Amino acid sequence: NQITGSVVIALDTTEREQREALRREFSANVSHELKTPLTSISGFAELLANGMVPPERVGEFAGDIYKESQRLMALVDDIIELSRLEEETAAPETESVDLYALAEETLASLRPAAERRDVTLTLRGGEAVVQGVRTALQELVYNLCDNAVKYNRPGGSVTVTAEKRGGETVLSVADTGIGIPYEHQNRVFERFYRVDKSHSRQLGGTGLGLSIVKHAAAMHKARLELWSEPDAGTKITVHFDGQ
Ligand code: ADP
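Please read these numbers as outputs of a predicted model, since none were measured by experiment.

Caption draft 1: Highlighting the nonpolar core. Core analysis: the biggest nonpolar cluster contains 47 residues, and L99, L140, L144, V158, V160, L171 and V238 have the highest contact counts within it. Residue contributions to this core peak at 8 residues, all from helix 4 (residues 134-150). Beyond its immediate sequence surroundings of up to four residues, V160 is in contact with A103, L107, T122, L123, R124, C145, L171, S172 and V173.

Caption draft 2: Here's a closer look at the site of the ligand. Close to the ligand lie 19 residues; Y151, S200, T206, G207 and L210 are nearest. Taking Y151, its side chain carries an N or O atom lying 2.7 Å from an oxygen atom of the ligand. In this structure, an oxygen atom belonging to the ligand sits 2.8 Å away from a main-chain N or O atom of L210. Calculation on the ligand without its partners gives an accessible area of 530 Å², and the protein chains cover 96% of this total. Of all the secondary structure elements, the ones that give two or more residues to the shell around the ligand are helix 4 and helix 6 (209-219).

Caption draft 3: Summary view of unusual backbone geometry. Phi angles above zero are rare outside glycine, and D118 is one such case at about 60°. Secondary-structure assignment places D118 in the loop between helix 3 (99-116) and strand 2 (120-125). By relative accessible area, which is 48% here, D118 ends up partly exposed.

Caption draft 4: Examining helix 6 more closely. Where burial is concerned, most of helix 6 is hidden: 8 out of the 11 residues are buried. Looking at helix 6, one finds that the buried residues are G209, L210, S211, I212, V213, A216, A217 and M219. On its buried face, helix 6 is in contact with helix 2 (58-88), helix 4, strand 6 (223-229) and strand 7 (233-240). Directly beyond the C-terminal end of helix 6, a positive phi value near 55° is found at K221.

Caption draft 5: Structural detail: the environment of D231. Tracing the backbone shows D231 in the loop between strand 6 and strand 7. Each C-alpha atom of the pair D231 and R153 lies 9.7 Å from the other, and the pair is 78 residues apart in sequence. Each residue touching D231, except ones within four places of it in the same chain, is listed here: R153, G177, I178 and G179.

Caption draft 6: Seen up close, the side chain of H220. Inspection of the secondary structure assignment puts H220 in the loop between helix 6 and strand 6. From its side chain, H220 meets the backbone oxygen of A216 in a polar contact 2.8 Å long.

Caption draft 7: Representation of the sheet that holds strand 4 (residues 157-165) within the structure. Read from one edge of the open sheet, 5 strands run 2-4-5-7-6, paired in mixed fashion. Two strands close off the open sheet at either side, each with one partner strand: strand 2 and strand 6. Shown here is a sheet whose adjacent strand axes are inclined to one another by a mean of 10°, direction ignored. Two elements, strand 6 and strand 7, share 7 bridges in a ladder whose sense is antiparallel.

Caption draft 8: Seen up close, the packing of helix 3 against helix 4. Packing of helix 3 against helix 4 brings their axes to within 9 Å, and their N-to-C directions diverge by 40°. Here helix 3 lies oblique to helix 4, going by the angle between them. Like other packed secondary-structure pairs, helix 3 and helix 4 cross with a definite hand, here right-handed. Where helix 3 abuts helix 4, its residues L99, L102, A103, E105, T106, L107, S109, L110, A113 and A114 lie against R134, L137, Q138, V141, Y142, C145, D146 and V149. Considered class by class, the residues forming the contact of helix 3 with helix 4 number 12 nonpolar, 3 polar and 3 charged.

Rules used throughout
Residues numbered from 1 in each chain as written. Predicted model: local features only at pLDDT ≥ 70, side-chain atom pairs only at ≥ 80, totals over all residues. Heavy atoms only, no water. Core = buried A, V, L, I, M, F, W, Y, C linked by side-chain atoms within 4.5 Å. Buried < 20%, exposed > 50% of the residue type's maximum accessible area, 1.4 Å probe, protein only. Helix = DSSP H or I, 4+ residues; strand = E, 2+ residues; numbered from the N terminus. Contact = heavy atoms within 4.5 Å. Near = heavy atom within 4 Å. Polar contact = N/O pair within 3.5 Å; in protein donor to acceptor, adjacent residues only side chain to side chain. Areas by Shrake-Rupley, 256 points an atom, 1.4 Å probe, with all protein chains shown as cover. Pairing = 2+ DSSP bridges. Axes fitted to C-alpha atoms, helices over the stretch in contact; angles between N-to-C directions. Parallel < 35°, antiparallel > 145°, perpendicular 65-115°, else oblique. Left-handed = near helix turned anticlockwise from the far one by under 90°. Nonpolar A, V, L, I, M, F, W, Y, C, P; charged D, E, K, R; others polar.

Purely geometric numbers; function is a separate question.
Structure follows, in structure tokens:
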């Protein structure tokens, strides 16, 4: 019955708790984001089902249901992409990927949207091969270029550069668009963070694009650099150091 010693164990749970808080916040945000379009869809469908819509407006209501379900689909796609990136971080399968060729394909797919908005697309540089996960790099390039077109202005331009520079491979996407106000610049990479929620929603944004970019960059140990000036434009550079 004698105490001969004692052991004290101290566990630092800060990181675990922070991670749990982030996850809780993410779930709350996801539920909220999914609920908004679902509420509209359900409301429109109920009115149609009850014969409350005059025949000449049925097409308009169906169009609204279609638009909201597209939004829902974009959100679910982005959420799936984010969790896929999170899983892949554990054991990613890498291959040689040419960022210049990737940018070329991406710009080709964005050309119709850019033409509709009267935005010119230019690609500069040359072969820029990195060792990486192709799907993640595709998402990175696509989301940066898509934003550069979306947050642009009629008559504006997007310039993508992919090249080997010094000891590193660099990809940059520059636009002459609306820019990001200074006080928002260090928050736009957060999940669901949008400078102007209704503007982003109107353009089909989900608030997850830059989080996907951040994840994909981290996966490749690449460094992100943001330059933006309100009313002048934005340039996001991804530095693949030592690749
Ligand atoms: P979204 O789906 O809303 O575009 P993102 O995560 O891709 O979400 O971007 C977050 C926010 O950052 C956008 O809502 C927008 O306000 C701002 N943003 C992103 N890229 C640009 C850009 N090239 N020019 C101006 N604002 C941008």
